[in-house]
Amino acid sequence: MSARRFRAWPGAAFPALLALALSACLQPAHADAPVKAPPAVIPAHETPGLKTAVFAGGCYWGMEAVFSHLVGVTSVVSGFEGGRAADADYETVSTGTTGHAESIRVTYDPARIRYDQLLQVFFGVASDPTQLDRQEPDVGPQYRNALVPIGPEQARVARAYVAQLKALKLWRQPIVTRIEPWRGFYPGPAEHQDFAFRNPRHPYILRWDVARVDALHRTFPQWWKPDFTQH
């Protein structure tokens, strides 16, 4: 999501737009309603100790907000995956020409929540896997829906789970989620970290991301924690 959209609004127009955002914030965050994504037929078999996973699913503010409320998650960092380190700055990535995607890096304890269970949350409430190169108001390849497995075990589980969901046809439209090779992760600007926590009344957060966090609480209560994990 481009914060520049809000900075660009004329001052006289901002109150009306804010009122519109507030009145709309109770609407569903996705074209499809949240889905209680099923358990993986092929679960992850992970060794003890903290692990890292990377997910791309549109604006990283909302993705961070959802995953920061999961038990077993110790850190969520907003940033970019998929392109060169030299181009991994917010303004350049926002052009949609660098190959990066806005993404999050999740550090988690598989003794409390496994990679395949993170996939349930990703597909069920964190993003809409049927939107190609966009997520709701954010359009462009930098907002694509993608899994970025780190290591062969995550890759094995990701491939199997995407195939499982495609066969079930839980969404009205086909799943377009990509599985991309691990090419590195680059943290985003400091002012974009923990954004929903620090800006709970921001119009974008109210319009699109409050509903996602609420959907997490309702859909996957077994993994919900009320505290926001600051990165």
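Please refer to the structure higher up on the page.
Residues numbered from 1 in each chain as written. Predicted model: local features only at pLDDT ≥ 70, side-chain atom pairs only at ≥ 80, totals over all residues. Heavy atoms only, no water.

Trainee: It is not clear to me how the pairing of strand β2 (residues 73-81) should be interpreted in this structure. Could you clarify?
Mentor: For a regular strand, side chains alternate in direction, first toward one face of the sheet and then toward the other. Burial runs high along β2: eight of the nine residues are buried. Pairing of β2 with strand β3 (residues 101-108) involves eight bridges; the strand directions are antiparallel. Bridge pairing links G79 to S103 in β3. One ladder, built from three bridges, connects β2 with strand β8 (residues 185-187); its direction is antiparallel. Pairing of E81 across the sheet is with F185, part of β8. (Buried < 20%, exposed > 50% of the residue type's maximum accessible area, 1.4 Å probe, protein only. Helix = DSSP H or I, 4+ residues; strand = E, 2+ residues; numbered from the N terminus. Pairing = 2+ DSSP bridges.)

Trainee: Any chance you could explain helix α5 (residues 115-126) here in plain terms?
Mentor: Residues separated by three or four positions in an α-helix point in the same direction, a consequence of the helix having 3.6 residues per turn. Within α5, 12 of the 12 residues are buried, which leaves it mostly tucked inside the rest of the structure. Those residues of α5 that sit buried are Y115, D116, Q117, L118, L119, Q120, V121, F122, F123, G124, V125 and A126.

Trainee: Please explain the packing of α5 against helix α6 (residues 152-168) as it appears in this structure.
Mentor: Axis angle and axis distance: for two packed helices, these are the angle between their axes and the distance between the axes, and together they describe the pair. It is the contact of α5 with α6, at a shortest axis distance of 10 Å, that shows an interaxial angle of 40 degrees. Comparing the axis directions of α5 and α6 gives the class oblique. In this structure, the crossing between α5 and α6 has a hand that is right-handed. Residue-level contacts link Y115, D116, L119, Q120 and F123 of α5 to Q154, V157, A158, Y161, V162 and L165 of α6. Each residue belonging to the contact of α5 with α6 can be placed in one class, and the counts come to eight nonpolar, two polar and one charged. (Axes fitted to C-alpha atoms, helices over the stretch in contact; angles between N-to-C directions. Parallel < 35°, antiparallel > 145°, perpendicular 65-115°, else oblique. Left-handed = near helix turned anticlockwise from the far one by under 90°. Contact = heavy atoms within 4.5 Å. Nonpolar A, V, L, I, M, F, W, Y, C, P; charged D, E, K, R; others polar.)

Trainee: Even after reading the chapter, I still don't get the pattern of salt bridges, so can you show me in this structure?
Mentor: As a working rule, side chains carrying opposite charge can pair if their charged atoms are close by. Evaluation of the coordinates by the stated rule reveals nine salt bridges. The shortest N-O distance in the salt bridge between R178 and D133 comes to 2.7 Å. Placement of R178 in strand β7 (residues 178-179) and of D133 in the loop between α5 and β4 (134-135) is noted, with a sequence separation of 45 residues between them. On the basis of relative accessibility, which here comes to 31%, the residue R178 falls in the partly exposed class. Residue R218 pairs with D214 through a salt bridge whose shortest N-O separation is 2.8 Å. Taken together, the residues span about one helical turn, with R218 and D214 both in helix α8 (residues 203-219) at a distance of four residues. Through salt bridges with shared partners, a single network forms among E81, R144, E180 and R183. (Salt bridge = Lys/Arg side-chain N within 4 Å of Asp/Glu carboxyl O.)

Honestly, that's just the spatial picture; any functional story needs more than this.
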